[in-house]
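Understanding the architecture of this molecule
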Amino acid sequence: SETFRYLRSLVVHPAEGDPPRTILVTSALSGEGKTYVASNLAVAISQGLDEYVLLVDADLRAPRVHRVFGINQVAKGLSTHLDRQIPLEEILVKTSLPKLTILPGGNSTYRPAELLTSDRMRRLIQEVRDRYADRFVIFDSTPLELTPETYVLANEVDAILFVVRRGVTPRRSVHAALEKIRREKLLGIVFNGDDTVMKRYRKYGNYKGYVYGSKKQKD
């Protein structure tokens, strides 16, 4: 939990400029922990004194954010909002954390690329960014090297967090994926599955906090 608090501080209090309000969490390939990172970053930010968080499951091919928080599969979500224009107010899901709300992916759709690259999706990103000045919006997306829609979303958000899993992600896949995004939007790279930092924290004592999901989570 302390590592995610540290990540939160880098996002909420950047060394230069204003903090990014819309953040895309992605990876090169599947199985690198992007959903794990997106979910726990959302939790960490929402535990701040002033920040609210909307966590959007933008992986319409295999939506899993709801599982991380123990929410039953819901029929309505981002896919139905984009496809059938169901109002946001009807599909947002409250969590046990007062300042964290989830927009689930909804039923899996047969045309995720078309929906996520549509004008409706661009308007959605703008709407959730501008509606509340104290809200951070985190998007859990599909891997950059496997699907075309993430590249389009990467151009619409304020910043990108790129997840690399230790001992799993091929170096060539990382390079190929990073070439597809604008470097000024790259907020940083999260090196997942490395316990070096945890060993350092154990050296100074025990820390407790929320951590959702497990390190074995595949998405």
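Residues numbered from 1 in each chain as written. Predicted model: local features only at pLDDT ≥ 70, side-chain atom pairs only at ≥ 80, totals over all residues. Heavy atoms only, no water.

1. A look at the overall build of the protein chain
Summing up its helical and strand segments, the protein chain has 9 helices and 7 strands in all. Taking contacts inside the protein chain between residues at least 6 apart in sequence as the whole, the part at least 24 apart equals 81%. Of the accessible surface of the protein chain, which amounts to about 11,200 Å², a share of 48% is contributed by carbon and sulfur atoms. (Helix = DSSP H or I, 4+ residues; strand = E, 2+ residues; numbered from the N terminus. Contact = heavy atoms within 4.5 Å. Areas by Shrake-Rupley, 256 points an atom, 1.4 Å probe, with all protein chains shown as cover.)

2. Side note on the pattern of salt bridges
Scanning the entire structure with this criterion turns up 13 salt bridges. Across the pair Glu 89 and Arg 131 runs a salt bridge whose closest N-O atoms are separated by 3.5 Å. With Glu 89 in the loop between helix H4 (78–84) and strand S3 (93–94) and Arg 131 in helix H6 (residues 119–131), this pair connects stretches of sequence that are 42 residues apart. For Arg 122, the salt bridge goes to Asp 119, with nearest N and O atoms at 3.1 Å. Residue Arg 122 and its partner Asp 119 are both found in helix H6; the two are separated by 3 residues, about one turn of the helix. Its relative accessible area of 31% is what places Arg 122 among the partly exposed residues. (Salt bridge = Lys/Arg side-chain N within 4 Å of Asp/Glu carboxyl O. Buried < 20%, exposed > 50% of the residue type's maximum accessible area, 1.4 Å probe, protein only.)

3. Describing the layout of surface pockets
One simple way to see leftover space: roll a probe sized like a water molecule over the atoms. Approximately 190 Å³ is the volume found for the second largest pocket. For the lining of the second largest pocket, the secondary structure elements donating two or more residues are strand S2 (52–57) and strand S4 (100–103). A per-element tally of the lining of the second largest pocket places S2 first, with 3 residues. Each residue belonging to the lining of the second largest pocket can be placed in one class, and the counts come to 7 nonpolar, 1 polar and 5 charged. (1 Å grid on protein atoms, 1.4 Å probe; cavity = no way out; pocket = protein on both sides within 12 Å on 5 of 7 lines; lining within 4 Å. Points joined across faces, edges and corners; volume = space filled by probe spheres on them. Nonpolar A, V, L, I, M, F, W, Y, C, P; charged D, E, K, R; others polar.)

Bear in mind that shape data such as this cannot, by itself, settle questions of function.
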